[in-house]
Amino acid sequence: MTIHNAINSIDELMHNTYTQENKVTWLSRVDTMVKKLVIDTHDGGEDVSFSGYNEDTDLETMLLIPEPFDEAYLRWMEAQIHYHNGEYDKYNNAVVMFNTAFGAYKSEYTRNHMPLQSEKRFLF
C-alpha cells in the first residue's frame, strides 16, 4: 500500500476534515513504530532504511507493512480521527482493531525473520 492509497482509502471510508499532511504524519508514526519495534529487532533490519515521512515525501512511497496486514494503517488513521474528534469509544474500538492487525503483522514477521539475539552478560 502506498501513502496515497492509504489516505484515499480512509477518506472514502470515513468523512473527515483532516489534512493530507495530518494523515502523512500519522502514517509516519506507524512506520516509525514498525521500524523500531519489529524490523530493527530482527536480522536484516539494517537493510531497511526509513527516516519518516513528511510533506515532501512522494505519495507513491510504499508503506512498510505489506498486504494482507496493511489494514493496520487504515485502523490507525481511523483511531486518530476518532481521537481528535473526541469520540473516545470509537477511538478505543479502532485501536483494538489496529492492535490486532499490527500484532498479526508482527507475528508473521517474526515467523519469517530471525529475532536478534541479545548479548548474554554475567553479573558476577
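These numbers were taken from a predicted model, which means no experiment stands behind them.

A.B. asks: Can you tell me about the overall build of the chain, naming the residues and giving the values?
C.D. replies: From N to C terminus, the chain includes four helices and zero strands. Along the three orthogonal principal directions, the C-alpha set of the chain runs to about 60 × 35 × 25 Å. Looking at the chain residue by residue over its 124 residues, the buried ones come to 38%. Sequence separation of 24 or more characterises 70% of the internal contacts of the chain that already satisfy a separation of 6 or more.

A.B. asks: Give a description of the packing of helix α3 (residues 71–85) against helix α4 (residues 88–112) that names residues and reports values.
C.D. replies: One can describe the packing of α3 onto α4 by two numbers: an axis separation of 8 Å at closest approach and a directional angle of 160 degrees. One finds that α3 runs roughly antiparallel with respect to α4. Of the two elements, α3 crosses α4, and the hand of that crossing is left-handed. Along the contact surface, α3 presents Ala72, Arg75, Trp76, Glu78, Ala79, His82 and Tyr83, while α4 presents Tyr88, Lys90, Tyr91, Ala94, Val95, Met97, Phe98, Ala101 and Phe102.

A.B. asks: Could you give an account of α3, with specific residues and numbers?
C.D. replies: Compared with the 21 Å implied by 1.5 Å per residue over 15 residues, the 21 Å span of α3 between its first and last C-alpha is a close match. The element α3 is largely enclosed, with a buried count of eleven among its 15 residues. Of the residues making up α3, those classed as buried are Ala72, Tyr73, Leu74, Arg75, Trp76, Met77, Glu78, Ala79, Gln80, Ile81 and His82. Buried positions along α3 lie against α1 (3–13), α2 (20–38) and α4. One or two residues past the end of α3 sits glycine 86, with phi positive at roughly 75 degrees.

A.B. asks: Explain the pattern of salt bridges to me, using residue names and the numbers behind them.
C.D. replies: Under the counting rule described, the total for this entry stands at five salt bridges. Between arginine 75 and glutamate 71 there is a salt bridge, and its shortest N-O distance comes to 1.9 Å. Of this pair, arginine 75 and glutamate 71 both sit in helix α3, four residues apart, roughly one helical turn. Overall, arginine 75 belongs to the buried group, its relative accessible area being 9%. Glutamate 108 is the partner of arginine 111 in a salt bridge, and the nearest nitrogen-oxygen pair spans 2.9 Å. You can see arginine 111 and its partner glutamate 108 sitting in helix α4, three residues apart, about one turn around the helix. The class for arginine 111 is exposed, based on a relative accessible area of 59%. Taken together, the shared-partner salt bridges connect Glu71, Arg75 and Glu78 into one network.

A.B. asks: Now, about the side chain of aspartate 31: what can you tell me, with residues and values included?
C.D. replies: Within the secondary structure, aspartate 31 sits in helix α2. The side chain of aspartate 31 sits in the buried core without any salt bridge; lysine 35 is the nearest counter-charge, 11 Å away. A polar contact of 3.1 Å, which involves the side chain of aspartate 31, links it to the backbone nitrogen of leucine 64. Ignoring sequence-local partners within four residues, the contact set of aspartate 31 consists of Phe50, Tyr53, Leu63, Leu64, Ile65 and Tyr73.

Rules used throughout
Residues numbered from 1 in each chain as written. Predicted model: local features only at pLDDT ≥ 70, side-chain atom pairs only at ≥ 80, totals over all residues. Heavy atoms only, no water. Helix = DSSP H or I, 4+ residues; strand = E, 2+ residues; numbered from the N terminus. Buried < 20%, exposed > 50% of the residue type's maximum accessible area, 1.4 Å probe, protein only. Contact = heavy atoms within 4.5 Å. Axes fitted to C-alpha atoms, helices over the stretch in contact; angles between N-to-C directions. Parallel < 35°, antiparallel > 145°, perpendicular 65-115°, else oblique. Left-handed = near helix turned anticlockwise from the far one by under 90°. Expected span 1.5 Å × (residues − 1). Salt bridge = Lys/Arg side-chain N within 4 Å of Asp/Glu carboxyl O. Lys, Arg positive; Asp, Glu negative; His and termini not counted. Polar contact = N/O pair within 3.5 Å; in protein donor to acceptor, adjacent residues only side chain to side chain.

Read these as layout, nothing more, since geometry by itself doesn't imply function.
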